[in-house]
Amino acid sequence: MTENKQELTHEVLEELKSEFGDKIVEAEVKRKTRLRIKINGENVFDIADYLKNKLDFDHLSSIASVDYPETFEVVYHIWSYPRKILIQVNALVDKESARIKSLTPLWKSADWHEREVYDMMGIIFEGHPNLKRIFLPEDFKGYPLRKDFKIGPKPWYKED
Amino acid sequence: MDEEIRTEEFILNIGPQHPSTHGVTRLVTRLSGETVLEIEPVIGYLHRGLEKIGENKTYEKFLPLTDRMDYISSMTNNHAYVLAVEELLGIEVPARAEYLRVTLSELQRIANHLMFIAAFGADLGAWTIMMYGFREREMVLDLMSMLTGQRLLYNFMRVGGLKEDVPLGWVSKVREFLKALPEKLEDYKAYFYNNEIFLDRVEGVGILKAKDAINMGVTGPNLRAAGVAYDVRKDDPYSYYDRFDFDVITEKEGDTFSRFNVRFNEIYESLKIVKQGIEALPEGEVIAKVPRIIKPPAGEAYSRVEAPKGELAFYIVSDGKTDKPYRVKVRGPSFCNLSSFPYYAVGDIIPDVIANFASIDIVLGEVDR
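Reading the values: rules and limits
Residues numbered from 1 in each chain as written. Chains lettered and ligands numbered in written order. Predicted model: local features only at pLDDT ≥ 70, side-chain atom pairs only at ≥ 80, totals over all residues. Heavy atoms only, no water. Buried < 20%, exposed > 50% of the residue type's maximum accessible area, 1.4 Å probe, protein only. Helix = DSSP H or I, 4+ residues; strand = E, 2+ residues; numbered from the N terminus. Pairing = 2+ DSSP bridges. Axes fitted to C-alpha atoms, helices over the stretch in contact; angles between N-to-C directions. Contact = heavy atoms within 4.5 Å. Salt bridge = Lys/Arg side-chain N within 4 Å of Asp/Glu carboxyl O. Nonpolar A, V, L, I, M, F, W, Y, C, P; charged D, E, K, R; others polar. Parallel < 35°, antiparallel > 145°, perpendicular 65-115°, else oblique. Left-handed = near helix turned anticlockwise from the far one by under 90°. Phe/Tyr/Trp six-rings, centres within 6.5 Å; stacked < 30°, edge-to-face > 60°.

A. Main features of helix α13 (residues 350-359) of chain B. All names here are of chain B. Taking burial as the measure, the ten residues of α13 include nine buried ones, the bulk of the element. Buried within α13 we find Ile350, Asp352, Val353, Ile354, Ala355, Asn356, Phe357, Ala358 and Ser359. Asp361 sits one or two positions beyond α13 and adopts a positive phi of about 55°.

If you want it as structure tokens, here you go:
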């Protein structure tokens, strides 16, 4: 059974590679039900569309974001109910523009996830119907999960 | 007098301070008469920036904070977090610890579902059942406090195992509990299933179809109530769940009643697992050999568990240089379940919205983090 599963995961990877070729920057099978690919941000919608509609990856589990020194990464975790495989898609996003296409046309669940990433990391999702802050107040300055965000003393706190 | 009666739409804020919001959230509802035209949940009242705090604390020091996300079921939060760190480190956990982890997670699920039943009853005006639910939940909390010294925020799991072994006599206490609870649950059945008012309030209310539920990222009992037999414990087993025998409870309708039913019947499955867990409990260590300073090699880990409320996941990135995570991201089930709520609550009347909202079982500590 486990052998079988591993093969299935490899199959998905091969199919993705043959469809998208060098649009996939990096790919690996992490363990038997985990697949990881790295792509450029501009291809994310096409690849997600293919994953959802052709390969049955139907559950967008989460959208995370990471601030690396040279680039932002938006990390999608997508699970397939029929195949029982989890794919992790790391999409590289340029630090200057910080823009990526929204996946809300594919998944309704992307709505809040993308708002959270926008709120915390300041990445703009193009085509999102309602991109505004979700946790923090509207007038909050800065994006707290960026590494250059300074955690200082509270602005309302003054020592006598 | 042929003056026309003027009507207008009305905006009603449910919350932030309202018992049926289960914490502090606000539902901005646009009403026409009593029919809801639109709902917008406003969240963030409990936002503490736990993900940012996580980047500034060592791996061990973040563990108590995971308790404070889903504070109704902190043990499963602990579990998800340590699984992610163990994946980064590549640590093997001793068998005794794994069995105890499963047992504790299931006890936690029972506590969570009893709490759900109590709160659900309270929201529908059934105050007796609220007392019942809290009373039986206290039986689990007694077991937990015997073990950890805490009623709610346990901080009991450790990277590589557990804080300590179970105290003398704990296992026999669990056996007593396993015997006592099913008798009490009979009262619940009589109370709910023979109660016409209750059935009227919940049957056919807030229907969520399987296809929509998947698209909206709904997980846990809410998804299973719509007929999708998805359970991380079965489909992507972690810990020792593949060694346990239990069923995944599903319903067909996807309405408020099904969501209640799934949770109620899951209590019995959890009892089954706890029973197997303490029967099969092997002797041995409860923690693996873990370095004093946890400094995982560079890499990413994504661990998922079936928390009582749905799929809970931690995504942790380590840069390999420090003893602090580079990034901690939490995928909370309540967050996603709440985001789907506006889609299937529209068109109901206000009392149905309250029943529906109670049935999705969210906790705001985890929504806001």
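Right, picking up where we left off after that structure.
B. Looking closely at the sheet that holds strand β6 (residues 299-307) of chain B. Residues and elements named next belong to chain B. Judged by pairing direction, the sheet is antiparallel, and its three strands sit side by side in the order β6-β7-β8 without closing on themselves. Each having just a single partner strand, β6 and β8 (327-331) make up the two edges of the open sheet. Sheet twist, expressed as the mean angle between neighbouring strand axes with direction ignored, is 10°. Along the sheet face, helix α3 (residues 74-89) touches β6 and β7 (310-318) and points at about 150° away from the line of β6.

C. Representation of the interface of chain B and chain A. Counting residues at the interface gives 38 residues for chain B, matched by 46 residues for chain A. In this assembly, chain B and chain A are joined by seven salt bridges. Note that Glu55 of chain B and Lys147 of chain A form a salt bridge whose closest N and O atoms lie 3.2 Å from each other. Going through the elements one at a time, β3 (35-42), α1 (50-55), α8 (210-215), β6, β7, β8, α12 (333-345) and α14 (364-368) of chain B are the ones with two or more residues in the side of chain B that touches chain A. In terms of residues, the side of chain B that touches chain A owes the most to one element, α12 of chain B, which gives five residues. For the side of chain B that touches chain A, a count of residues per class yields 16 nonpolar, seven polar and 15 charged.

D. The packing of helix α4 (residues 95-123) of chain B against helix α5 (residues 127-148) of chain B, seen in detail. All names here are of chain B. Direction vectors running N to C along α4 and α5 enclose 160°, while the axes themselves pass 7 Å from each other. It follows that α4 is roughly antiparallel to α5 by the angle criterion. Our pair here, α4 against α5, has a crossing hand that is left-handed. On α5, the residues touching Leu104, Leu107, Gln108, Ile110, Ala111, Leu114, Met115, Ile117, Ala118, Gly121 and Ala122 of α4 are Trp127, Ile129, Met130, Gly133, Phe134, Glu136, Arg137, Val140, Leu143, Met144 and Leu147. When its residues are assigned to classes, the contact of α4 with α5 shows 17 nonpolar, three polar and two charged.

E. Region of interest: unusual backbone geometry. All names here are of chain B. We note that Asn155 has phi near 50°; this positive angle belongs to a residue other than glycine. Locating Asn155 in the fold gives a position in the loop between α5 and β4 (157-158). With a phi angle near 55°, Arg369 is a residue other than glycine that sits in the positive phi range. Relative to the helices and strands, Arg369 is located in the segment after α14.

F. Here's a closer look at the sheet that holds strand β1 (residues 10-14) of chain B. Residues and elements named next belong to chain B. Strand order across the open sheet formed by three strands is β1-β2-β3, with antiparallel pairing between neighbours. Looking at the sheet topology across the chains shown, the edges are occupied by β1 and β3. Neighbouring strand axes in the sheet, compared pairwise and without regard to direction, differ in orientation by 20° on average. As paired strands, β1 and strand β2 (residues 26-32) are joined by five bridges and run antiparallel to one another. Opposite Ile14, over in β2, you have Leu27 as the bridge partner.

G. Expanded view of the pairing of strand β1 (residues 24-31) of chain A. Residue and element names in this part refer to chain A. Bridge count between β1 and strand β2 (residues 34-40): six bridges; the pairing is antiparallel. Bridge assignment links Arg31 to a residue of β2, and that residue is Arg34. Between β1 and β2, which pair antiparallel one after the other, the connecting turn spans two residues.

H. Spotlight on the packing of aromatic side chains. Counting across every chain of the model gives 33 aromatic pairs over all chains. Where Phe135 of chain A meets Phe335 of chain B, the ring centres are 6.0 Å apart and the plane angle is 50°; that geometry is what we call tilted. A residue pair is termed interchain when its members come from two chains, as with Phe135 of chain A in the segment after β7 (124-126) and Phe335 of chain B in helix α12. Judged by its relative accessible area of 6%, Phe135 of chain A is buried. With a centroid separation of 5.9 Å and 80° between ring planes, the pair formed by Phe341 of chain B and Tyr344 of chain B is classed as edge-to-face. One end of the pair is Phe341 of chain B and the other is Tyr344 of chain B, both in helix α12 and three residues apart, which spans about a single turn.

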